[in-house]
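Analysis of the macromolecular model
Chain residues, written in single-letter form:
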Amino acid sequence: MNVLVVEDDVRITSFLVKGLKAEGYSTSVAYDGDVANEMVELAGADFDLVLLDIGLPGTDGRRVLEALRRKRPTVPVIILTARDDLESKIRGLDAGAADYVTKPFAFEELLARMRAALRNVDQASAQLLVVEDLRLDLLTKVAWRAGRRIELSVREWSLLEFFMRHPQQILSRAQILNHVWDLNFEPGSNVVDVYVGYLRRKLNRRDLQPMLQAVRGAGYRLLAPGPPA
Ligand code: CA
């Protein structure tokens, strides 16, 4: 179990690293936001949980959180905040942090919150579809792209679930129609194109790589674009 500690206060960092090691966790440390961002982007760097200070030199902790939600949507993040920074807490939770701990904190409390966050991941992974920065929670019926919630109609939801269960595959209009609509629409019906169009507009945000692609004469495909070149 590897924990990424992002914190510029050396005393807090060494206290955390020592304590976590004693509890059997391995740790990686980033003392500023830029290094944290690099580690988040690095494909080989693996961690199961992140402890994130918001007030950081270099890239701001909130930006690091955004990058985490985009690149590592299933890794829980616990925010470390100053005592009275209520705004940071609320914004952090809204941005997808699992929990927060107020400094100074009791180490036992932090451990308990870490265990709870990791338990939630175990439960959630069974009900979560993930393709790149796209997440679909099958239980709560909520979708996110790059940490931002996407509002979907029931039909759009079924359509997205179908695509996410078959990433990179070209799905024909007939396949989509059969799977998502159950009804025998006339072959000439453009209902698939209409709904894929709705979905594309919701997924393909201007600042992100397009994910839903039309394949001429064949159908549609959900791409997993990977990190930008
Ligand atoms: Ca700090």
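See the structure above.
Residues numbered from 1 in each chain as written. Predicted model: local features only at pLDDT ≥ 70, side-chain atom pairs only at ≥ 80, totals over all residues. Heavy atoms only, no water.

Concerning the packing of aromatic side chains
Rule in force here: Aromatic contacts are taken between Phe, Tyr and Trp rings whose centres are within 6.5 Å, Trp giving its six-membered ring; a plane angle under 30 degrees counts as stacked, one over 60 as edge-to-face, and the others as tilted. For helices the rule is a DSSP run of H or I covering at least 4 residues; for strands it is a run of E covering at least 2, with both sets numbered from the N terminus onward. Residue burial is assigned from relative accessible area. The probe radius is 1.4 Å, only protein chains are included, and a residue is buried under 20% of its type maximum, exposed over 50%, and partly exposed in between. As a reminder, the over-ring test applies to NZ of lysine and CZ of arginine, requiring each to be within 6 Å of the ring centre and within 35 degrees of the ring normal.
Applying the stated criterion across every chain yields a total of four aromatic pairs. Between F15 and F107, the aromatic rings sit 5.6 Å apart at their centres with planes inclined by 70°, giving edge-to-face as the arrangement. Taken together, the positions of F15 in helix α1 (residues 10-22) and F107 in helix α5 (residues 107-125) put the pair 92 residues apart, joining distant regions of the chain. Residue classification places F15 among the partly exposed residues on the basis of a relative accessible area of 40%. F107 gets classed as buried once you look at its relative accessible area, which sits at 15%. Aromatic side chains W181 and Y195 sit 5.5 Å apart centroid to centroid with 70° between the ring planes, which places their arrangement in the edge-to-face category. A residue pair is termed long-range when its members are at least 10 positions apart, and W181 in helix α7 (residues 173-181) and Y195 in helix α8 (residues 191-203) qualify at 14 residues. A residue is classified by how much of its surface remains accessible, and W181, at 4% relative accessible area, is buried. For Y195, a relative accessible area of 24% corresponds to the partly exposed category. An aromatic cluster is present here, built from F15, F105 and F107 joined pairwise through their rings. Lying over the aromatic face of W144, R135 brings its terminal NZ or CZ to 4.2 Å of the ring centre.

A few points about the environment of M114
Put simply, the rule reads: We call two residues in contact whenever any of their non-hydrogen atoms come within 4.5 Å of each other.
On the secondary structure map, M114 appears in helix α5. Between the C-alpha atoms of M114 and D99, which are 15 residues apart in sequence, the distance is 8.7 Å. In contact with M114, other than residues within four places in its own chain, are V3, L20, Y25, L49, L51 and I78.

A few points about the nonpolar core
Worth spelling out the cut-off: Note on terminology: a nonpolar core comprises buried Ala, Val, Leu, Ile, Met, Phe, Trp, Tyr and Cys residues joined through side-chain atoms within 4.5 Å.
Of all hydrophobic cores here, the largest spans 26 residues; its most connected members are F163 and I176. Residue assignment for this core shows that the elements contributing at least two residues are β6 (128-131), β7 (134-137), α6 (154-165), α7, α8 and β12 (219-222). Broken down by element, this core gets its largest block of residues, six residues, from α6. When sequence neighbours within four positions are dropped, the list of residues in contact with I176 reads L159, F162, F163, L171, W181, V192 and Y220. Among the nonpolar cores identified, the runner-up in size contains 20 residues, and L4, L68, V77 and A97 belong to it.

What about the coordination of the calcium ion?
Perfect tetrahedral coordination of a metal by four donors corresponds to 109.5 degrees between them, and perfect octahedral coordination by six donors corresponds to 90 or 180 degrees. To be explicit about the condition: Keep in mind that water is not among the atoms, so a site may look incomplete; donors are the N, O and S atoms within 2.8 Å of the metal, or 3.2 Å for Na, K and Ca.
Coordination of the calcium ion by the protein involves D8 (OD), D53 (OD) and G55 (O), with metal-donor separations of 2.2 to 2.4 Å. Sequence positions of the residues that donate to the calcium ion give the spacing D-x44-D-x1-G. Taken together, the positions of D8 in the loop between β1 (2-6) and α1 and D53 in strand β3 (residues 49-53) put the pair 45 residues apart, joining distant regions of the chain.

Thoughts on unusual backbone geometry
Going from K103 to P104, the amide bond is cis rather than trans, its omega being -5°. Summarising the element assignment, P104 is placed in the loop between β5 (99-103) and α5. Within the chain, A146 stands out as a residue other than glycine whose phi angle is a positive 50°. Take A146: its relative accessible area is 15%, and that puts it in the buried class. Its identity as a non-glycine residue notwithstanding, Q168 has a phi of 75°, on the positive side. On the secondary structure map, Q168 appears in the loop between α6 and β10 (170-171).

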